[in-house]
Amino acid sequence: MTILPQFGNVFLTLIYFVVALSIIVGVHEYGHYIVGRWSGIKAEVFSIGFGPVLFAREDKHGTVWQIAAIPFGGYVKFLGDANAASGKDGEAMEAMPAEQLRHTMHGAPLWARSATVLAGPVFNFIFSIFVFAGLLLSLGMVATPPKVSSLHPLPYEGVTIEVGDQIIAIAGAPFPEEPSRAYFDALPDGLLLDYTVKRGGDELIVQGPQYSPARIGGVQPRSAGEAAGLLEGDVILRADGQDLSSFMQLVDVVKAAEGAPVRLNVWRDGEDKEFVIQPELRDVPTADNGFEKRFLIGIFSSTFFEAETERPGVFEAVGLGAEQTYSVVTRSISGLYHLAFGKISSCNMSGAIGIARASKDQAEEGFAAFIGFLALLSTAVGFLNLLPIPMLDGGHLMFYGYEAVMRKKPSDKVMQVLMSMGIALVLSVMVFALWNDIFC
């Protein structure tokens, strides 16, 4: 009876991982397939998964679409390929007539091969952009200045701000068009502040809590906060005996503790509870794409209210989706750089187990969270595939760049050696990442 719930949890994690991976791999491989077809390169097999075939059908173009038994990846096998990694089938190609060679991956013009290889990562980026845009169009975005849609329960007396109020200024400081941390850091301390609001046709000064009170907006899975039993909606009244009015005051207390346990007094559903939490040292991204080490307890802030949202236009949503995708890429580059030079812990690299756990966590948060995670994962897969490592798409593009400059292809022997080195490197990184998943 003890083992059964754990088995069910592992099974759900595996299911979410397979779903997430199959979608991302399907998008990536479809990019290779469709651009290859447009470029005159014949695809023989489009497979989701490896190993024994569970289902297959052949379309009018002669491509076999299949689902295989091992659902951890996929591939497109083009005419002239010896295997799923697009290795050259030398014997088969020697027997082909010249006009048929044009339709192989290895006999097509350089532009066609380059476009086909590049299409996989590009389709991952396009998928991410449109997913981010779709989420904005369906969920909307907070209007500026914000308008109160609902108030979160808080143990503070004297709050006179109401649902429907539009916030014009806080403590006399006009609410900015683009809110920044500097604006909120400059606000005075205290449980209640003066809010200038528009209510109906009138402009009033009312009382409201700190814009980001010491209320928990979310708890990170497998964090110190989750281990201690903190929940979304908890309001932290005191930390190590210090009264709190804003979330930033909690951040300062945790920072000052320098890794020592922190005692929290929490208001939950009208009751006061006490927790002791052990902060964990983590590498945290900074605004300039760097990293800094900070002690964290794994909880997120929130505003004291839910804001009304508005739907952006289609073009604005796509533009914002592109910005978000670009941001993921730049953060990935920064992370790899800091990891490679030992500036952050190697435990920041996750493997299949980490991705599987994240898939399950996001799925449990809800459909929108899971879809947003797919967009993040798709961007990461597109970026990693562009790295100039033999076997990856970036490695193939590196060889094509050599061919364009030198006017000749690398020899088959050199290609085999480099591909073997690339496979060894990729497998080594995968094993290292799995080690991190288990032991970090």
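Tracing the sequence through the fold places H152 in the loop between strand 4 (148-151) and strand 5 (166-170). Separated by 3.5 Å, the side chains of H152 and R215 make a polar contact. Apart from the residues lying within four places of it in its own chain, the contact partners of H152 are R215, T303, F304, F305 and E306.

The sheet contact formed by strand 14 (residues 280-285) and strand 15 (residues 291-296) spans 6 bridges and is antiparallel. The partner of V284 across the bridge, within strand 15, is E292. Hairpin geometry of strand 14 and strand 15 is characterised by an intervening segment of 5 residues between the two adjacent antiparallel strands and by a positive phi of about 65 degrees at N289.

Quick look at the packing of helix 8 (residues 314-340) against helix 10 (residues 367-385) now. For the pair helix 8 and helix 10, the least separation of the axes is 10 Å and the interaxial angle reads 55 degrees. Classified by the interaxial angle, the pair formed by helix 8 and helix 10 is oblique. When you trace helix 8 past helix 10, the crossing you get is right-handed. The segment helix 8 lies against helix 10, with T325, V328, V329, S332, I333 and L336 engaging L376, T379, F383 and L384.

This part is about the side chain of T196. Looking at the element boundaries, T196 is found in strand 7 (residues 192-199). T196 sits in the buried class, given a relative accessible area of 15%.

What follows concerns the sheet that holds strand 10 (residues 235-239). Pairing is antiparallel in the open sheet, where 4 strands are placed in the order 11-10-12-13. Looking at which strands have only one partner, the edges of the open sheet turn out to be strand 11 (242-243) and strand 13 (271-277). Where helix 7 (residues 247-257) meets the sheet, its contacts fall on strand 10, strand 11 and strand 12 (262-268), and the angle it forms with strand 12 comes to roughly 155 degrees.

On inspection of all chains with the given rule, the structure shows 19 aromatic pairs. On the numbers, 5.6 Å between centres and 20 degrees between planes, the contact of F50 with Y75 is stacked. In this pair, F50 sits in strand 1 (residues 43-58) while Y75 sits in strand 2 (residues 64-78), placing the two residues 25 residues apart along the sequence. The class of Y75 is buried, set by a relative accessible area of 15%. For the pair Y211 and F304, a centre-to-centre distance of 6.5 Å together with 90 degrees between the ring planes defines the contact as edge-to-face. With Y211 in the loop between strand 8 (202-209) and strand 9 (218-219) and F304 in the loop between strand 16 (299-300) and strand 17 (305-307), the pair connects residues that are 93 residues apart, well separated along the chain.

Next up on the list: the state of the cysteines. Counted by the stated rule, this structure contains 1 disulfide. Bridging C347 to C440, the disulfide has an S-S length of 2.0 Å. Around the S-S axis, the bridge from C347 to C440 shows a dihedral of about -80 degrees and counts as left-handed. You can see C347 sitting in the loop between helix 8 and helix 9 (352-365) and its partner C440 sitting in the segment after helix 12 (412-439), a full 93 residues away along the chain. Judged by its relative accessible area of 39%, C347 is partly exposed. On the basis of relative accessible area, C440 is assigned to the exposed category, the value being 51%.

As a volume, the second largest pocket reaches approximately 920 Å³. Of all the secondary-structure elements, those providing two or more residues to the lining of the second largest pocket are helix 4 (110-139), strand 17, helix 9 and helix 10. A per-class count over the lining of the second largest pocket returns 14 nonpolar, 6 polar and 3 charged.

Take the sheet that holds strand 5 next. Read from one edge of the open sheet, 4 strands run 6-5-7-8, paired in antiparallel fashion. Since the sheet does not close on itself, it has two edges, and those belong to strand 6 (173-174) and strand 8, each with one partner. Relative to strand 8, strand 7 runs antiparallel, the two being bridged by 8 bridges. Bridging across to strand 8, L193 finds its partner in G208.

Remark: helix 4 packs on helix 10, axes separated minimally by 8 Å, with the N-to-C direction vectors making an angle of 155 degrees. Here helix 10 runs roughly antiparallel to helix 4, going by the angle between their axes. Along this stretch, helix 4 crosses helix 10, giving a crossing that reads as left-handed. Across from P121, N124, F125, F127, S128, V131, F132, L135 and L139 in helix 4, the residues of helix 10 making contact are A368, I371, G372, L374, A375, L376, S378, T379, V381, G382, F383 and N385. Looking at the contact of helix 4 with helix 10, its residues break down into 14 nonpolar, 7 polar and no charged.

Next up on the list: helix 7. Of the positions making up helix 7, those classed as buried are F247, Q249, L250, V253, V254 and A257. Projected down its long axis, helix 7 carries its buried residues within an arc of 155 degrees, all on one side. Along helix 7, exposed side chains directed more than 90 degrees from the buried face belong to K255 and A256. Check the buried side of helix 7 and you find it contacts strand 10, strand 11, strand 12, strand 15 and strand 16. Two residues or fewer past helix 7, E258 is found with a positive phi of approximately 50 degrees.

Parameters at a glance
- Residues numbered from 1 in each chain as written.
- Predicted model: local features only at pLDDT ≥ 70, side-chain atom pairs only at ≥ 80, totals over all residues.
- Heavy atoms only, no water.
- Helix = DSSP H or I, 4+ residues; strand = E, 2+ residues; numbered from the N terminus.
- Polar contact = N/O pair within 3.5 Å; in protein donor to acceptor, adjacent residues only side chain to side chain.
- Contact = heavy atoms within 4.5 Å.
- Pairing = 2+ DSSP bridges.
- Axes fitted to C-alpha atoms, helices over the stretch in contact; angles between N-to-C directions.
- Parallel < 35°, antiparallel > 145°, perpendicular 65-115°, else oblique.
- Left-handed = near helix turned anticlockwise from the far one by under 90°.
- Buried < 20%, exposed > 50% of the residue type's maximum accessible area, 1.4 Å probe, protein only.
- Phe/Tyr/Trp six-rings, centres within 6.5 Å; stacked < 30°, edge-to-face > 60°.
- Disulfide = S-S within 2.5 Å.
- 1 Å grid on protein atoms, 1.4 Å probe; cavity = no way out; pocket = protein on both sides within 12 Å on 5 of 7 lines; lining within 4 Å.
- Points joined across faces, edges and corners; volume = space filled by probe spheres on them.
- Nonpolar A, V, L, I, M, F, W, Y, C, P; charged D, E, K, R; others polar.
- Arc of directions from axis to C-beta.

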